[in-house]
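Each chain is listed here by its residues.
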Amino acid sequence: MRLDKWLKVSRLIKRRTVANEACDNQRVSVNGRPVRASYEVKTGDVLELRFGERVTRVEVLSVTEKVGKDAASAMYRELA
C-alpha cells in the first residue's frame, strides 16, 4: 500500500492530500530516510512524522486496505 494511503487509513493524518504534501516536503521518513508518497509500506517499517516541533515515531504492525475507526490504532505502535 502507498505511504500516503496508509497514513490516511491508519488515521495518523486526516486526509490523503495532506499526507501527500507531508511526504513532498520531506516531513515523513521511513527507516531513517525521507521517502515519497508512492513508497510501498511494509510491516516492520519505522515511520517518523515531523510537524513543527512534534516528532512522532511509529512502527507499522499491519497493512490493511479498509479498517474501522476503532481498529485504526492497531495498525501501528508508537515508539519512544
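Parameters and conventions
- Residues numbered from 1 in each chain as written.
- Predicted model: local features only at pLDDT ≥ 70, side-chain atom pairs only at ≥ 80, totals over all residues.
- Heavy atoms only, no water.
- Buried < 20%, exposed > 50% of the residue type's maximum accessible area, 1.4 Å probe, protein only.
- Helix = DSSP H or I, 4+ residues; strand = E, 2+ residues; numbered from the N terminus.
- Arc of directions from axis to C-beta.
- Pairing = 2+ DSSP bridges.
- Salt bridge = Lys/Arg side-chain N within 4 Å of Asp/Glu carboxyl O.

Asker: Got a minute to help me understand helix α2 (residues 16–24) in this structure?
Answerer: Within α2, burial applies to A19, A22 and C23. Down the axis of α2, the buried side of the element spans an arc of 100°, and every buried residue falls inside it. Facing away from the buried side of α2 by over 90 degrees, the exposed positions are T17 and D24.

Asker: In this structure, what is going on with the sheet that holds strand β2 (residues 33–34)? I would like to understand it.
Answerer: Backbone-to-backbone hydrogen bonds join strands into a sheet, with any given pair of strands oriented parallel or antiparallel. In spatial order, the strands read β2-β1-β3-β4-β5; together these five strands make up an open sheet with antiparallel pairing. In this open sheet, the two strands that pair with only one neighbour each are β2 and β5 (76–79).

Asker: Looking at this structure, I do not really get unusual backbone geometry. What am I missing?
Answerer: Most peptide bonds adopt trans geometry, and most residues besides glycine take a negative phi value. In this structure, Q26 is a non-glycine residue whose phi angle is positive, near 55°. Notably, N31 is not glycine yet its phi reads approximately 55°, a positive angle. Mapped onto the elements of the fold, N31 is located in the loop between β1 (28–30) and β2.

Asker: In this structure, what is going on with the pattern of salt bridges? I would like to understand it.
Answerer: Two side chains that carry opposite charge are able to pair once their charged atoms sit near each other. Applying the stated rule across the entire model yields five salt bridges. A salt bridge links D4 to R2; its shortest N-O distance comes to 3.1 Å. Of the charged contacts, one joins R77 and E59 as a salt bridge, the two residues approaching to 2.0 Å between their closest N and O atoms. Of the two residues, R77 sits in strand β5 while E59 sits in strand β4 (residues 54–60), which places them 18 residues apart along the sequence. Residue R77 is classed as partly exposed on the basis of its relative accessible area, which comes to 42%. On the accessibility criterion, E59 (18% relative accessible area) is buried.

Fair warning: the whole summary comes from geometry, so function is off the table for now.
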